[in-house]
Amino acid sequence: MPTSAPTATPVTPPTRTRSAQAFEAAQAVLPGGVNSPVRAFKSVGGSPLFMAKAQGAHIWDVDGNKYIDCIGSFGPAILGHAHPQVVKAVQHVAENGFCYGAPTELETTLAQEIIAAVPSIEMVRLVNSGTEAALSAARLARAVTGRQYLIKFAGCYHGHADAFLVKAGSGATTLGQPDSSGVPVSVANLTLTATFNDSNSVAALLSQYPDQVAAILVEPVVGNMGCVRPKDGFLKDLRDLATASGAMLVFDEVMTGFRVAYGGAQSLYSVTPDVTCLGKIIGGGLPVGAYGASKAIMQHVAPAGPMYQAGTLSGNPMAVTAGLETLRLLQQPGTYESLEANGEYLARGLQKACDEANIPAQVQRVGSMLTVFFTETPVVDYESALTVDRDRFNTMFWGLLNRGVSIPPSPFEAWFTSLAHTPEVMDAIIAAFTQALTDS
Ligand SMILES: *Cc1c(COP(=O)(O)O)cnc(C)c1O
């Protein structure tokens, strides 16, 4: 045993009475007490924290406890919370009314910024969430190709539309089984499931369904089974398979867009999809999604073309302004270098802490998204993600929370850091993590 092994440092949980009361009240009127399932802490047990405010890298619960926030609203908060410049711009635009049901010049400006940033996009449609972006991209691929089947990867999340609530069976070529009640089997059957980082599993499906696959949809860096990077050549293989088979390659960059690089994973890995989905960061914390492609493809969307898709609040001035200000701040020189350097510093510190405590762990990271997988094997796909030690994760989750660090309440989520997560903040996370490793 190394002499430097940390000794157990028990911690007393802070008071969370008001959060517990708030959860009681919420459960009477909201299913499970929340408006999005992961927030209910089901996976880690116990009662969720109700939050009161956030600023920079920090968040405060309703009992007044302060935490370093490594959730970042599950992706949007790349500047840190409540950046003064974004707050000011949104306040200013709010004074002129919240939305009009008519076009505004702001929407064109945001579209121009997105087109300038993302290599595959020449024209874009704004929607209100990542879910809408992904379901519209699938409809678009079907409209353009006249084909019905979709290929997705086990463990990838594309929002909650019927077509995507399908998990893998045991084999790569299994027909879809709905992951949620209420999804018609006839819809789920049109979604085929492949294995991430295994292009042979895609090739097999394409030859089993010749000329029938409309789209191959992928998170180019997976965030939704925890952070899993694409192996060398995997994304290019998907590009080649899509081109050869006449299917559209759809990158769901709702999480990775403006996160792993300003131009998203497609610019980082130099692979150009046919269609791109965006969300999260492009709304700066307000509800925005988008899908975009070449002009030829986007001309299929109504009213330019026959594929219908609409939205009462789509492109509203407040959300668009929050997104625009966020993108402008991200354009400042050094942004992604800083996110990378601080992300690397955090990942290295967390891995070192596990190694020194002799706890098997894979700290997997791309830029400012990372996951600590408590497992001996590198996580490359959904199956290897499922090898994590969930008890160890739950202990770590509460150990961190009790020491003032908030991470996502599931072993299969990515942690997000921001420009407000300075090296000092990272040191505080690493210190809390090192202590929490001694909890049992
Ligand atoms: C978050 C996410 C979605 C869904 O976005 P919502 O805004 O929650 O509907 C879709 N795809 C990916 C890759 C995501 O990370």
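None of these values were measured; they are calculated from a predicted model. (Residues numbered from 1 in each chain as written. Predicted model: local features only at pLDDT ≥ 70, side-chain atom pairs only at ≥ 80, totals over all residues. Heavy atoms only, no water.)

## Quick word on the overall build of the protein
At step 1: When you go through the protein residue by residue, the secondary structure sums to 14 helices and 16 strands.
At step 2: Computed over the C-alpha atoms, the radius of gyration of the protein is 22 Å, within 12% of the 22 Å expected from 2.2 N^0.38 for a compact globule of 440 residues.
At step 3: Its C-alpha atoms put the protein at 65 × 55 × 50 Å along the principal axes.
At step 4: Across the protein, every contact between residues at least 6 apart in sequence was considered, and the portion connecting residues at least 24 apart equals 71%.
At step 5: Working note: accessible area of the protein is about 18,600 Å², and carbon and sulfur atoms make up 54% of it.
At step 6: Between the centroid of the 27 positive side chains of the protein and the centroid of its 36 negative side chains there is a distance of 3 Å. (Helix = DSSP H or I, 4+ residues; strand = E, 2+ residues; numbered from the N terminus. Rg over C-alpha atoms; globule rule 2.2 N^0.38 Å. Contact = heavy atoms within 4.5 Å. Areas by Shrake-Rupley, 256 points an atom, 1.4 Å probe, with all protein chains shown as cover. Lys, Arg positive; Asp, Glu negative; His and termini not counted. Charge placed at Lys NZ, Arg CZ, Asp CG, Glu CD.)

## Examining the pattern of salt bridges
At step 1: Considering all chains together, one arrives at eight salt bridges under this definition.
At step 2: Among the ionic pairs, aspartate 240 bridges to lysine 236, the shortest N-O distance being 3.0 Å. Separated by four residues within a single helix, aspartate 240 and lysine 236 lie in helix α7 (residues 234-245), roughly one turn from each other.
At step 3: Classification of aspartate 240 as partly exposed rests on a relative accessible area of 38%.
At step 4: Put simply, glutamate 356 and lysine 352 hold a salt bridge, and the shortest N to O gap is 3.8 Å. (Salt bridge = Lys/Arg side-chain N within 4 Å of Asp/Glu carboxyl O. Buried < 20%, exposed > 50% of the residue type's maximum accessible area, 1.4 Å probe, protein only.)

## Some remarks on the site of the ligand
At step 1: With respect to spatial proximity, the complete set of residues near the ligand consists of Ser129, Gly130, Thr131, Tyr157, His158, Gly159, Glu219, Asn224, Asp252, Val254, Met255 and Lys280.
At step 2: Here an oxygen atom of the ligand and a side-chain polar atom of asparagine 224 are 3.1 Å apart.
At step 3: The contact in question runs from an oxygen atom of the ligand to an N or O atom on the side chain of lysine 280, over 2.6 Å.
At step 4: Class assignment for the residues of the shell around the ligand results in three nonpolar, six polar and three charged. (Near = heavy atom within 4 Å. Polar contact = N/O pair within 3.5 Å; in protein donor to acceptor, adjacent residues only side chain to side chain. Nonpolar A, V, L, I, M, F, W, Y, C, P; charged D, E, K, R; others polar.)

## Some words on empty space enclosed by the protein
At step 1: Scanning the entire structure with this criterion turns up two cavities of 30 Å³ or more.
At step 2: Each pocket or cavity is described by its volume, and for the largest cavity that value is around 50 Å³.
At step 3: Of the residues in the lining of the largest cavity, the class split is three nonpolar, seven polar and two charged.
At step 4: For the second largest cavity, the calculated volume is near 30 Å³.
At step 5: Lining of the second largest cavity is provided by Arg392, Thr395, Met396, Ala436, Leu437 and Asp439.
At step 6: If one sorts the elements of the lining of the second largest cavity by residue count, helix α13 (residues 390-402) sits on top with three residues. (1 Å grid on protein atoms, 1.4 Å probe; cavity = no way out; pocket = protein on both sides within 12 Å on 5 of 7 lines; lining within 4 Å. Points joined across faces, edges and corners; volume = space filled by probe spheres on them.)

## Things to note about the packing of α13 against helix α14 (residues 423-436)
At step 1: As a packed pair, α13 and α14 sit with axes 9 Å apart at the nearest point and diverge in direction by 130 degrees. One way to sum up the angle between α13 and α14 is to call them oblique. For the pair α13 and α14, the sense of crossing is right-handed. Of the residues in α14, those in contact with Met396, Gly399 and Leu400 of α13 are Ile429, Ala432, Phe433 and Ala436.
At step 2: Of the residues that constitute the contact of α13 with α14, the class distribution is six nonpolar, one polar and no charged. (Axes fitted to C-alpha atoms, helices over the stretch in contact; angles between N-to-C directions. Parallel < 35°, antiparallel > 145°, perpendicular 65-115°, else oblique. Left-handed = near helix turned anticlockwise from the far one by under 90°.)

## Structural notes on the layout of surface pockets
At step 1: The volume enclosed by the second largest pocket comes to roughly 350 Å³.
At step 2: Forming the walls of the second largest pocket are 19 residues, and the residues nearest its centre are Ala102, Pro103, Glu107, Ser314 and Gly315.
At step 3: Elements represented by at least two residues in the lining of the second largest pocket include exactly α3 (105-117) and β4 (123-127).
At step 4: When its residues are assigned to classes, the lining of the second largest pocket shows nine nonpolar, eight polar and two charged.

## Observations regarding the sheet that holds strand β14 (residues 369-373)
At step 1: One open sheet accounts for three strands, arranged β13-β14-β16; its pairing is antiparallel. Two strands in the sheet have a free side with no partner beyond their single neighbour: β13 (362-366) and β16 (415-416).
At step 2: Here β14 runs beside β16; their pairing, made up of two bridges, is antiparallel. Bridged to leucine 370 within β16 is tryptophan 415. (Pairing = 2+ DSSP bridges.)

## Focus on the pairing of β13
At step 1: The buried count for β13 comes to five of five residues, which makes it a mostly enclosed element.
At step 2: What you see with β13 is no split at all: Gln362, Gln364 and Val366 on one side and Val363 and Arg365 on the other are buried throughout.
At step 3: Pairing geometry for β13 and β14, over five bridges, is antiparallel. Looking at the pairing, glutamine 362 lines up with phenylalanine 373 of β14.

## Quick notes on the domain arrangement of the protein
At step 1: What the domain assignment lists for the protein is domain 1 (17-82 + 336-436) and domain 2 (84-330).
At step 2: Domain 1 and domain 2 are separated by 25 Å when their C-alpha centres are compared.
At step 3: Both sides of the domain 1 and domain 2 interface together cover about 2,400 Å² of buried area, and 67% of this is carbon and sulfur.
At step 4: It is Tyr336, Val366 and Met369 in domain 1 that bury the most area against domain 2; as a group they hold 27% of the surface buried on that side.
At step 5: Our count for the domain 1 to domain 2 interface comes out at zero salt bridges.
At step 6: Taken together, the links from domain 1 to domain 2 amount to nine residue pairs in polar contact (both at pLDDT 80 or more).
At step 7: Put simply, the parts of the chain that give the side of domain 1 that touches domain 2 at least two residues each are β13, β14 and α12 (382-385).
At step 8: Residues belonging to the side of domain 1 that touches domain 2 are distributed by class as follows: 19 nonpolar, five polar and three charged. (Domains from an automatic or database assignment. Buried area = accessible area lost by both parts, 1.4 Å probe.)

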